[in-house]
Amino acid sequence: MARMNLVRSLAVVAMLAPSVNARAANTDPDWPCIQRKVPQLSLGQIWNGPELPPAAKDFSKDPAVSGLVEEVAARRMPIADAQKKVKDFAASLPAEQLAPKMAMLVQGMFDHMDAERSHVISGISRYARKQLEMAAALRKAASDVDALREKPDADPDDIERRTEQLKFATRIFNERVQSLTYVCEVPTIIEQRLYQLSKAVSETLAAKK
């Protein structure tokens with residue numbers, strides 16, 4: 001039984017460790033996700049339309065564009081609804097404003113969502129470091145319980161109390177591992193959403209030609 005506690009702790013630590021494929025795909029050996037770590041995107045990854053003019057960087061000065069950026073970037077909004085908002089916005093513009101406003105929209109969505117994605121990646125790294133610290137603490141706690149069980153004069157109540165504490169800490173650790181698995185998908189979800197929204201802009205511009 002004592003040995004099983006230690007084995008279990010080592011098993012949950014193994015769940016946290018990046019797989020061989022993940023380590024091969026990433027330059028950061030501590031990155032916990034199977035998904036490749038790409039701290040920042042490039043505009044070319046999500047936009048295949050005409051080059052954006054320098055004026056597009058002033059999107060924050062346009063309340064309509066910046067407001068739309070905030071709205072469609074929110075993941076709680078279904079992507080189909082967000083794409084419709086982009087197209088409805090384009091339909092509301094005078095012909096001479098379509099290209100410059102759409103360029104501002106693309107730049108705004110890229111800047112906003114790339115920053116959000118980078119923030120999530122930084123959070124994942126912090127979360128993973130905390131998990132490694134917890135894993136080390138679990139290993140030590142399991143070893144301490146094993147050592148205590150070997151003592152002939154050990155207090156059975158103390159052994160039971162510390163064993164229950166270890167079980168509880170292990171359960172919390174496992175729950176955090178499962179949460180990390182989900183969070184690892186978020187950067188990709190943001191990237192895919194950004195691409196789909198940018199595609200909606202491309203389609204709108206193509207339809208106006």
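Residues numbered from 1 in each chain as written. Predicted model: local features only at pLDDT ≥ 70, side-chain atom pairs only at ≥ 80, totals over all residues. Heavy atoms only, no water.

Novice: Would you mind going over the overall build of the protein chain with me for this structure?
Specialist: Looking only at helices and strands, one finds seven helices and zero strands in the protein chain. Written out in order from the N terminus, the α and β elements of the protein chain read α-α-α-α-α-α-α. Across the 209 residues in the protein chain, those meeting the buried criterion constitute 39%. Across the protein chain, every contact between residues at least 6 apart in sequence was considered, and the portion connecting residues at least 24 apart equals 80%. Carbon and sulfur atoms make up 55% of the accessible area of the protein chain, which totals about 12100 Å². (Helix = DSSP H or I, 4+ residues; strand = E, 2+ residues; numbered from the N terminus. Buried < 20%, exposed > 50% of the residue type's maximum accessible area, 1.4 Å probe, protein only. Contact = heavy atoms within 4.5 Å. Areas by Shrake-Rupley, 256 points an atom, 1.4 Å probe, with all protein chains shown as cover.)

Novice: Just checking my understanding: could you explain the side chain of Asp114 for this structure?
Specialist: Locating Asp114 in the fold gives a position in helix H5 (residues 95–150). Despite its burial, Asp114 remains without a salt bridge, the nearest opposite charge being carried by Arg117 at 4.5 Å. Non-local contacts of Asp114, meaning those with residues more than four positions away in its chain, are made with Gln40, Leu41 and Met109. (Lys, Arg positive; Asp, Glu negative; His and termini not counted. Salt bridge = Lys/Arg side-chain N within 4 Å of Asp/Glu carboxyl O.)

Novice: For this particular structure, what's the right way to read the nonpolar core?
Specialist: Inside soluble globular proteins, nonpolar side chains tend to come together where they are buried. Counting residues in each nonpolar core, the largest one holds 40 residues, and the members touching the most others are Met102, Leu105, Met109 and Val201. Those elements giving two or more residues to this core turn out to be helix H3 (63–73), helix H4 (79–91), H5 and helix H7 (186–208). If one sorts the elements of this core by residue count, H5 sits on top with 12 residues. Not counting residues up to four positions away in its chain, the partners in contact with Val201 are Trp47, Val86, Met102, Leu105, Val106 and Met109. Membership of the second largest hydrophobic core comes to six residues, among which are Ala135, Leu138, Ala142 and Val177. (Core = buried A, V, L, I, M, F, W, Y, C linked by side-chain atoms within 4.5 Å.)

Novice: Quick question: what am I supposed to make of the pattern of salt bridges here?
Specialist: Two side chains carrying opposite charge are able to pair once their charged atoms lie near each other. Tallied over the entire structure, the rule returns 11 salt bridges. We note a salt bridge from Arg161 to Asp158, for which the minimum N-O separation is 2.4 Å. Linking Arg161 with Asp158, this pair stays in helix H6 (residues 156–183), spanning three residues, or about one helical turn. For Asp158, a relative accessible area of 19% translates into the label buried. Its salt-bridge partner being Glu164, residue Lys167 comes within 3.5 Å of it at the nearest N-O pair. Pair noted here: Lys167 and Glu164 are both in helix H6, with a separation of three residues, about one helical turn. Residue classification places Lys167 among the partly exposed residues on the basis of a relative accessible area of 30%. Members of the salt-bridge network, linked through shared partners, are Asp158, Arg161 and Arg162.

Novice: For this particular structure, what's the right way to read the side chain of Ser125?
Specialist: Of note, Ser125 is situated in helix H5. Those residues within four positions of Ser125 in sequence are excluded, and the remaining contacts are Trp31 and Lys37.

Novice: What's the story with the state of the cysteines in this structure? I'm lost.
Specialist: Two cysteines joined by a covalent bond between their sulfur atoms form a disulfide. Taken as a whole and judged by the stated rule, the model has one disulfide. Sulfur-sulfur distance for the disulfide between Cys33 and Cys184 comes to 1.9 Å. Its torsion about the S-S bond being -75°, the disulfide of Cys33 and Cys184 is classed as left-handed. Taken as a pair, Cys33 in the loop between helix H2 (20–25) and H3 and Cys184 in the loop between H6 and H7 lie far apart in primary sequence, 151 residues in all. (Disulfide = S-S within 2.5 Å.)

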